[in-house]
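# Survey of secondary and tertiary structure
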Amino acid sequence: MNVDVQGQTCQLYTGGTDFNHSQPCLVFIHGAGMDHTFWATSARYFARSGYSVLVPDLPGHGGSPCSALDSIPAYADHVLALLASLNVAQAALVGHSMGSLVAMEMAARQPSLVTRLVLLGAAFPMRVSDALLDAANAEDPSAYDMVAGFGTAYRSRLQGGAMLGGNLYHSLRVQLARNRRGTLFNALTACNTYDEDALALADIICLTTFIVADQDMMTPAASALALAEQLPAGRTLTVANCGHMLVLEQAQATQMALHQALIDGD
Amino acid sequence: MAGPFYPRFETLCIHAGQRTEAEAQGQSSVVFVGNSFRFRDMDHAASLHALATSGHTSSAISNPTVATLESRLAALEGGVAAVATATGMAAIHLAMTSLLNAGDHVVATHVLNPKTRQLLTRTLARLGVVTTFADFRDVRAVRSAMRTDTRLIFAETVALPTGEVTDIEAVAAVAREYTVPLMIDATATTAYLMRPIDLGADIVVQCLGGYVCGSDTAIGGVVIDSGRYDWSSSGYYPQFTQAAADDSGIHFVDDFGVHAYSMYLRYVGLADTGAALSPLSALQILQGLDTLSLRMQRQVDSASAIATFLQAQSSVAAVHWPSLETHPNYALARRVLPRGAGAVLGVSLQGGREAVDVFVRALQLIEHQGGVGTRCTSVLHPATTTHYLYNSGDLSQCGIGDELVQLSVGLEDTDDLISDLSRALRQVAKHAERQP
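None of the values given here were measured: they were computed from a predicted structure. (Residues numbered from 1 in each chain as written. Chains lettered and ligands numbered in written order. Predicted model: local features only at pLDDT ≥ 70, side-chain atom pairs only at ≥ 80, totals over all residues. Heavy atoms only, no water.)

Below, the discussion takes up the overall build of chain B. Broken down by element type, chain B carries 19 helices and twelve strands. Computed over C-alpha atoms, the radius of gyration of chain B comes to 22 Å, within 12% of the 22 Å expected from 2.2 N^0.38 for 436 residues, which places it in the range of a compact globule. If you line up chain B on its principal axes, its C-alpha atoms span 80 × 50 × 40 Å. The buried share among the 436 residues of chain B stands at 59%. Counted over contacts in chain B with a minimum sequence separation of 6, partners at least 24 positions apart contribute 72%. Surface exposure of chain B reaches about 16,900 Å², of which carbon and sulfur atoms provide 50%. If the 30 positive side-chain charges of chain B are averaged to one point and the 42 negative ones to another, these points end up 4 Å apart. (Helix = DSSP H or I, 4+ residues; strand = E, 2+ residues; numbered from the N terminus. Rg over C-alpha atoms; globule rule 2.2 N^0.38 Å. Buried < 20%, exposed > 50% of the residue type's maximum accessible area, 1.4 Å probe, protein only. Contact = heavy atoms within 4.5 Å. Areas by Shrake-Rupley, 256 points an atom, 1.4 Å probe, with all protein chains shown as cover. Lys, Arg positive; Asp, Glu negative; His and termini not counted. Charge placed at Lys NZ, Arg CZ, Asp CG, Glu CD.)

This is how it looks when you write it as structure tokens:
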């Protein structure tokens, strides 16, 4: 469905069920160049497991037609405004890659809103290589190759990923090529420029689970493990034989980790 | 192109789609023959049926062995996903009926495979889908055939046995102009010779029983989706862009994005038709894929030698193979089929149908049977077999005459094949000499 957020249209996916205020709210935030379909299977699962699920297409991504933003605080402003417009008082946030930075920013800024963080493919700071930034800025398809290549484990590229009969590598390239001009570059820039000056980790007080992929080349596991130690309530779960695109590579293992992080830990 | 991070063709032929050790134990393909799959618990069962967890419920929808084949073919063709079917025609039927609605219009090449033509003119016509057959050699004819209600353009990489090559890039430009998908039947070439998605096709269909399986021991088909067609923006296909009229809550574009079409194929089309590929057939096709590049190159090389030989024979009026300089599509074939235009030749004999009869009876090694691309070389008389329902006008339009023989070149020794052909052609010549 489409919702109006600060005067801009935002596409919002609810996992195939109606949003229900009486259930705990779970917000999934995708990464740079992705959209809500990154989370579709997980969203459908938790929407049938007692949660009201919200999966926005971030500005410029997927079905949200406005321009992509170029800073993490701006994306956090957007998602916070979205939750306010839906009268969501509390929510657990699940973020992937750039979405994990957005979730951390939201948690630091509004600790009373965020009940729990689950962060996949997370690192802070999240530096992006000049080669990828340059290719994205030039709208060169080599940027898609780099994301699809460095973003997945070799075996995942060979096996085809989690989609039955699918091919993850080609799927990522097609997904990235669908973005409006400037979306990938702006989103990667947002990741690259978000650093210690912008975020105080000590402000994140909720239980935070890092779901770490052992073969993540974009945000190496060591980054998340170090980050978890810096948070007042950080912990880690590891998904084996997996790269940066966890839910698209090892869907079942990642879903079990999400379940553990969101439900079993209560 | 796949880019620097992606394994190359021969590696993909052997490894792509192979699941983890827990599922497939090592490198060899494993066959899962069960009809249904055990659930961990109630939650797992419900999640699988609600498409809220990835996995298999029934082999009528998906199966680990079949999924390996599907992923491998998607990898080879450059698609986002593939759905395998029991036969090649099941794939074309599934691909078309999942797209088209009553009142829709299709533009198809005039030299279509007769079975596909029959699907369009008989079954789909009865269901309210109208088809215009156009001469795809002239892209202006394709554009002229387009209507406001056109919802699909369909062509083949290479039409058999006349060897007409589709200029996919040019036809894809028309498809984009009219915001409709371009579906290409790549049976005659396979991904080894050409990847239609790289040239602009949106959907690829293929019969797997020929070149891909190679051993003539299994039949099957596949639909491969490029994932590039934007179903939402055209608004022509409500089955993908509107919520299902049931309690599933499934909205294919919203839920599955670039996989909307392939998911619809599997969970609606395949479920409705029951045309799933047998896992045992999938295993045989997977084993064939291991050697696809070796076999195809060998067959193409052999076809080239045989085409050259046949051209020099007095009993042969013409050889139709796009990799020959004499073929009208030679320049196009050189551009889009640099490894060769497949291993099926059209051979026009001097002396018409009577000469064909003598020729076929005189062959000792080469089989008289249908099918193309398998290990055995075979001949067929299209006018009285595959095209027997065509009237003289349709036959003429397709370039199918009484004198035309289809020769599918297999893996036997090239010199042995030429000897057999030479012997049969001598019989044709002797027969001609005896005529008054």
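Following the structure, the description resumes.
Before going further, it helps to spend a moment on unusual backbone geometry. Geometrically, the link from Phe124(A) to Pro125(A) is a cis peptide bond, its omega value of -5° lying close to zero. Each neighbour pair has its own omega, and for Leu160(B) with Pro161(B) the value is 0°, a cis peptide bond. We note that Leu51(B) has phi near 55°; this positive angle belongs to a residue other than glycine. Summarising the element assignment, Leu51(B) is placed in the loop between α3 (42–49) and α4 (64–77).

Residues and elements named next belong to chain A. Taken in spatial order, the eight strands line up as β1-β2-β4-β3-β5-β6-β7-β8 in an open sheet, and their pairing is mixed. With partners counted over all chains shown, the strands left at the sheet margins are β1 (2–5) and β8 (234–239), one partner each. Across the sheet, the mean angle from the axis of one strand to that of its neighbour is 25°, orientation sign disregarded. Looking at chain direction, strand β7 (residues 207–213) and β8 are connected through six bridges and run parallel. Residue Thr209 lies in a different strand from β8, and its bridge partner there is Arg235. Here helix α2 (residues 72–85) sits on the sheet and contacts β1, β2 (8–13), β3 (25–29) and β4 (52–56); the angle it forms with β1, its principal contact strand, is near 110°. (Pairing = 2+ DSSP bridges. Axes fitted to C-alpha atoms, helices over the stretch in contact; angles between N-to-C directions.)

To continue, consider the domain arrangement of chain B. Residues and elements named next belong to chain B. The domains assigned to chain B are domain 1 (59–281) and domain 2 (291–434). Counting residues at the interface gives 32 residues for domain 1 and 41 residues for domain 2. When domain 1 packs against domain 2, the two sides together hide about 3,000 Å² of surface, and 61% of this comes from carbon and sulfur. Across the contact surface, domain 1 and domain 2 share three salt bridges. With a closest N to O distance of 3.5 Å, Asp394 and Arg117 form a salt bridge. Between domain 1 and domain 2 we count 14 residue pairs in polar contact (both at pLDDT 80 or more) in total. When residues of the side of domain 1 that touches domain 2 are traced back to their parent elements, those giving at least two are α6 (114–126) and α9 (190–193). Partitioning the side of domain 1 that touches domain 2 into residue classes produces 15 nonpolar, twelve polar and five charged. (Domains from an automatic or database assignment. Buried area = accessible area lost by both parts, 1.4 Å probe. Salt bridge = Lys/Arg side-chain N within 4 Å of Asp/Glu carboxyl O. Polar contact = N/O pair within 3.5 Å; in protein donor to acceptor, adjacent residues only side chain to side chain. Nonpolar A, V, L, I, M, F, W, Y, C, P; charged D, E, K, R; others polar.)

Moving on: the packing of helix α5 (residues 88–99) of chain B against helix α13 (residues 260–273) of chain B. To characterise two packed helices, one gives the angle between the axes of the helices and the distance between these axes. All names here are of chain B. At their nearest, the axes of α5 and α13 sit 10 Å apart, and the two run at 100° to each other. Put simply, α5 runs roughly perpendicular to α13. Contacts between α5 and α13 pair Leu94, Ala95, Ser98 and Leu99 from the former with Tyr261, Tyr264, Leu265, Gly269 and Leu270 from the latter. Here the residues of the contact of α5 with α13 sort into seven nonpolar, two polar and no charged. (Parallel < 35°, antiparallel > 145°, perpendicular 65-115°, else oblique.)

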